[in-house]
Amino acid sequence: MDRVSAFDEPLKKLLGGVTAKVMAEHLDLHTVGDLLHHYPRRYEERGRLTALTDLPLDEHVTVVAQVADARVMAFNNGRGKRLEVTLTDGHGRLQLVFFGHGVHKPHKELLPGRRAMFAGKVSVFNRKMQLAHPTYQLLDAESTDEAGATEAVDAFAGKLLPIYPACKQLDSWRIAKAVDAVLPSAQEAVDPLPPALREGRGFTPLPEALLKIHRPQTKADVAAARDRLKWDEAFVLQVALARRRYADTQLPAVARRPVPGGLLDAFDAKLPFTLTDGQLKVTKEIFDDLAAEHPMHRLLQGEVGSGKTMVALRAMLTTVDAGGQAAMLAPTEVLAQQHHRSITEMMGELAEGGMLGGSERGTKVVLLTGSMGMAARRQALLDLVTGEAGIVIGTHALIEDKVKFHELGLVVVDEQHRFGVEQRDALRSKAHSQGERRSPHLLVMTATPIPRTVAMTVFGDLETSVLDQLPAGRSPIASHVVPAKDKPHFLSRAWDRVREEVENGHQAYVVCPRIGDDEDEAAKKKGKKDAAEEADKRPPLAVLDIAEQLAKGPLSGLRVEVLHGRMHPDDKDDVMRRFAAGQVDVLVATTVIEVGVNVPNATAMVIMDADRFGVSQLHQLRGRVGRGSAPGLCLLVSEAHEASPSRARLSAVASTLDGFELSRIDLEERREGDVLGQAQSGVRSSLRVLSVIDDEEVIAAAREEAVTVVAADPDLEHLPELRLVLDALLDKEREEYLDKG
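### Regarding the sheet that holds strand β17 (residues 507-511)
Taken in spatial order, the six strands of this open sheet run β16-β21-β20-β17-β19-β18, and their pairing is parallel. The open sheet terminates on both sides in strands that have one partner only, identified here as β16 (477-483) and β18 (560-563). The average undirected angle you get between the axes of adjacent strands in this sheet is 20°. In the sheet, β17 pairs with strand β19 (residues 586-589) via four bridges, with the strands oriented parallel.

### Quick notes on the pattern of salt bridges
Under the definition given, this model contains 32 salt bridges. In this structure, the salt-bridge partner of Lys 13 is Glu 9, at a minimum N-O distance of 3.0 Å. The exposed category is assigned to Lys 13, whose relative accessible area is 65%. For Glu 9, a relative accessible area of 15% translates into the label buried. Each of Asp 191, Arg 198, Arg 228 and Asp 232 takes part in salt bridges that share partners, so that together they form one network.

### Some remarks on the environment of Gln 137
Within the secondary structure, Gln 137 sits in strand β7 (residues 135-138). On the basis of relative accessibility, which here comes to 22%, the residue Gln 137 falls in the partly exposed class. Along the chain, Gln 137 and Asp 171 lie 34 residues apart, while their C-alpha atoms are 9.5 Å from each other.

### Brief notes about the sheet that holds strand β15 (residues 463-467)
With respect to topology, seven strands assemble into an open sheet ordered β11-β12-β10-β13-β14-β9-β15, the strand pairing being parallel. Of all strands in the sheet, those with a lone pairing partner are β11 (364-368) and β15, marking the two edges. Ignoring which end each strand starts from, the neighbouring axes of this sheet average 20° apart. Inspection of the sheet shows strand β10 (residues 325-329) paired to strand β13 (residues 408-414) by five bridges, in the parallel sense. Paired with Gln 325 across the two strands is Leu 408, which belongs to β13. Strand contacts of helix α12 (residues 277-290): β9 (297-302), β13, β14 (441-446) and β15, with the helix running at about 160° to β15, the strand carrying the most contacts. Against the sheet, helix α15 (residues 374-386) engages β10, β11 and β12 (389-394), with an angle of about 130° to β11.

### Considerations on the environment of Thr 283
Secondary-structure assignment places Thr 283 in helix α12. Under the relative-accessibility criterion, Thr 283 is labelled buried at 7%. For the pair Thr 283 and Val 311, spaced 28 residues apart in sequence, the C-alpha to C-alpha distance is 6.2 Å. Residues within four places of Thr 283 in sequence aside, it is in contact with Val 311 and Arg 314.

### As for the nonpolar core
Counting residues in each nonpolar core, the largest one holds 38 residues, and the members touching the most others are Ile 286, Met 347, Ile 391 and Leu 410. For this core, the element with the highest residue contribution is helix α13 (residues 308-321), accounting for eight residues. Every residue in contact with Ile 391, bar those within four places of it in the chain, is listed here: Leu 313, Met 316, Leu 317, Val 320, Ala 326, Met 347, Lys 364, Val 365 and Val 366. Counting 34 residues, the second largest nonpolar core, distinct from the first, contains Leu 35, Leu 160, Val 182 and Leu 183.

### As for the pairing of β13
Most of β13 is tucked away, with seven of its seven residues classed as buried. In the sheet, β13 pairs with β14 via five bridges, with the strands oriented parallel. When the bridges of β14 are listed, Leu 410 appears paired with His 441.

### Let's talk about the packing of aromatic side chains
Considering all chains together, one arrives at six aromatic pairs under this definition. Between Phe 75 and Phe 99 the ring centres are 6.1 Å apart and the planes differ by 85°, which places this aromatic pair in the edge-to-face class. Pair noted here: Phe 75 is in strand β2 (residues 60-75) and Phe 99 is in strand β4 (residues 93-99), with a separation of 24 residues, a long-range link. The class for Phe 99 is partly exposed, based on a relative accessible area of 37%. With a centroid separation of 5.7 Å and an interplanar angle of 50°, the aromatic rings of Phe 203 and Trp 231 are classed as tilted.

Conventions adopted
Residues numbered from 1 in each chain as written. Predicted model: local features only at pLDDT ≥ 70, side-chain atom pairs only at ≥ 80, totals over all residues. Heavy atoms only, no water. Pairing = 2+ DSSP bridges. Helix = DSSP H or I, 4+ residues; strand = E, 2+ residues; numbered from the N terminus. Axes fitted to C-alpha atoms, helices over the stretch in contact; angles between N-to-C directions. Salt bridge = Lys/Arg side-chain N within 4 Å of Asp/Glu carboxyl O. Buried < 20%, exposed > 50% of the residue type's maximum accessible area, 1.4 Å probe, protein only. Contact = heavy atoms within 4.5 Å. Core = buried A, V, L, I, M, F, W, Y, C linked by side-chain atoms within 4.5 Å. Phe/Tyr/Trp six-rings, centres within 6.5 Å; stacked < 30°, edge-to-face > 60°.

Below, the structure is given as structure tokens:
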């Protein structure tokens, strides 16, 4: 069998259709290679029991434990039976519960003193941690099913039991059995590391590393295997990014240098404040890039309110001065309208080029969104193609085929984590409409602080600039968790605080995860199906319901309005204008306010069902208050159990305003898959042992090695194995699948 096809072999051939189907549907494992790269999450020592006190709530776990006690209880007047088994690790205890016909077998097998591996989802019942109907595998040979137990012990003959990332449909030990079936194929592994690099760093050969990670004899085996496999992941990924950066430097672009006495100088002369040192430093980096004859690819990250828009606007004005057009791409219509409004206000008569009362040095600033009326849209498109409009601000509508530019010189993308690589490329291709293939410069802005390792991984094809000082005059924000279930009077106090803020002349936001009304019919239908297991989970709170309850109850007499994504754009704009003008006291909204909405008079925010939002999102939302001189207040309302991970997450958000610290917590919690999958095609599939959180040194070293390799051999002609692995990683179908996912 040739070297590639062993890994491409479908699992169905080796494991049978049923197991292969479960692996494909629930674990995204399709081939022998996929399964060989499905590494154990951790290892249990045969002689030791799992610590039962630190099990995470609501997660699927596999534990090794000893039966302390087992008893059958009757309920429902003796008509029903349930088996309650207590497990122990010598310190903590965990309850198992089996119902109905599922009682007989475990009752015979799970006798006090017996040891086994148990797998199930951790829940809380009567304040005790429990697993309902777990699957289990006995680990001692005096089982009633002698053959089964012997087989279980034989399957894990080593001292270390591998515990695999599993799912409800497939336990860790069944995955281990499947791995045994494909392990011989590890000998066929294609090694991506150049021989000089592998030998220079003293790495274990790849087939041996695969063998050791799945069936280690010692902890040293695991460490050696992980070191090797981490390097593979980091290196292949960094080579892919280095090749992308290299390809970008080969593209031609028009240099856009500042023109004395132009738009930028006129704009700077009007500024009522001086730029911060951070803004000046970042501006220099951007202007240096714009002056080059290959396209800028820069990521500008800065906390909410650090002045990114000002930096981006000055880059756009420089581009217009140098004969180009600038396009700013926003993730939502609300934000595009907001940017358009704030940029035209900042520019004043300079934004009215060619119009009565406009400056002769000015240009036109147009808005282009999907829901504009035909006439306005036609005029905007005409202004773009003739070059009348130097600046256009819009949503994804800018990427459509119909949109033609006179000479697109700079693209600014706001909130990159909402845009895939594909959209970036589509907009870039707009600059080729003049016949010459010249790429526009690209500036990506994000208010989500990104740890350095993620910047090197997710945005590894971009250079990074960081704005880390806030302009003078920004106020601190106090954040508190409101445990609505345990202490309902805390919630009443929260509404009193909102009233107090309004009475002091300020305004407030109330954020809910959902809109309400008919949007949830589909969810309700689905809900019936899951009702049994989701009995304890109510649907997230909705804007329309909460607004009505507040207006009639705790906030009666105040001017309460709603804002959400399904409203007509004109209505959204109207509500936002009135809120900004102080004609609305309390705005009950979905996360449409998450980015870009700027109302300095809004001082309080109450986030309902806060545990349903991610850490970065909560931090973004919170950044909407405290934007003026009065201090901000953010209340995170939650019904989550005090010991749950979601409550711990909310406490972390309440305890710090440092976005970089929070982004690290967010990353640890979501793990890398989500972060990378959203942002960089093909990456999510490739990170298995490399941790974007912990492996900064590996990533930095791999990046250096990758740059050296690509500079010497951009097409990897002399490294066919590396090229093969890279092609598999960036395989087009998979890339598209991941992008859509």
